[in-house]
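# An overview of the molecular structure
Given next are the chains, with one letter for each unit.
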Amino acid sequence: LQEVYDTFQKPKLQTLLSQKQLNDLQSLFQHRGNIIEVSSEVEVCRDPNDNFLLELAKDGEADYLVTGDQDLLVLEKFQKTEIITWRNWFNLQFDE
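This one's a predicted model, so the numbers in the text were calculated from it and none came from an experiment. (Residues numbered from 1 in each chain as written. Predicted model: local features only at pLDDT ≥ 70, side-chain atom pairs only at ≥ 80, totals over all residues. Heavy atoms only, no water.)

### Observations concerning a nonpolar patch on the surface
Together, Ile36, Val38 and Leu56 line one region of the surface with nonpolar side chains, adding up to about 200 Å² of accessible area. Among the structural elements, Leu56 can be located in helix α4 (residues 51-59). (Patch = residues over 30% accessible without salt bridge, like charges linked within 9 Å, V, L, I, M, F, W, Y side chains within 5 Å. Areas by Shrake-Rupley, 256 points an atom, 1.4 Å probe, with all protein chains shown as cover. Salt bridge = Lys/Arg side-chain N within 4 Å of Asp/Glu carboxyl O. Helix = DSSP H or I, 4+ residues; strand = E, 2+ residues; numbered from the N terminus.)

Listed below in structure tokens is the structure:
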């Protein structure tokens, strides 16, 4: 969760979403988030340092992997998980 909260503070994300949207996201994570124990090993991403996110998505049976990382976005989908941008995910959640 700390990595998610740290990401919310990145200047690039703050240019894409308003402070209210970021606060809404943080609240959503606090109230609806789950801690997942990762046991899978995945070697799919062109950046091996990002494979842990695919492992988490797999073991957590995630519908979406939300990222701005092009190494992940280029995959578009991993198993049943759609890989989308923050903006696209936010729009799905809050219908701006």
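### Some words on helix α3 (residues 19-32)
For α3, with 14 residues, the first-to-last C-alpha span of 20 Å sits near the 20 Å given by 1.5 Å per residue. Within α3 the residues assigned to the buried category are Gln21, Leu22, Leu25 and Leu28. In an axial view of α3, the angular spread of the buried residues amounts to 120°, which keeps them on one side of the axis. Exposed residues pointing more than 90 degrees away from the buried face of α3 are listed as Lys20 and His31. For α3, the elements touching its buried residues are α1 (2-8), α2 (11-16) and α6 (86-94). (Expected span 1.5 Å × (residues − 1). Buried < 20%, exposed > 50% of the residue type's maximum accessible area, 1.4 Å probe, protein only. Arc of directions from axis to C-beta. Contact = heavy atoms within 4.5 Å.)

The values are spatial; any link to function lies outside them.
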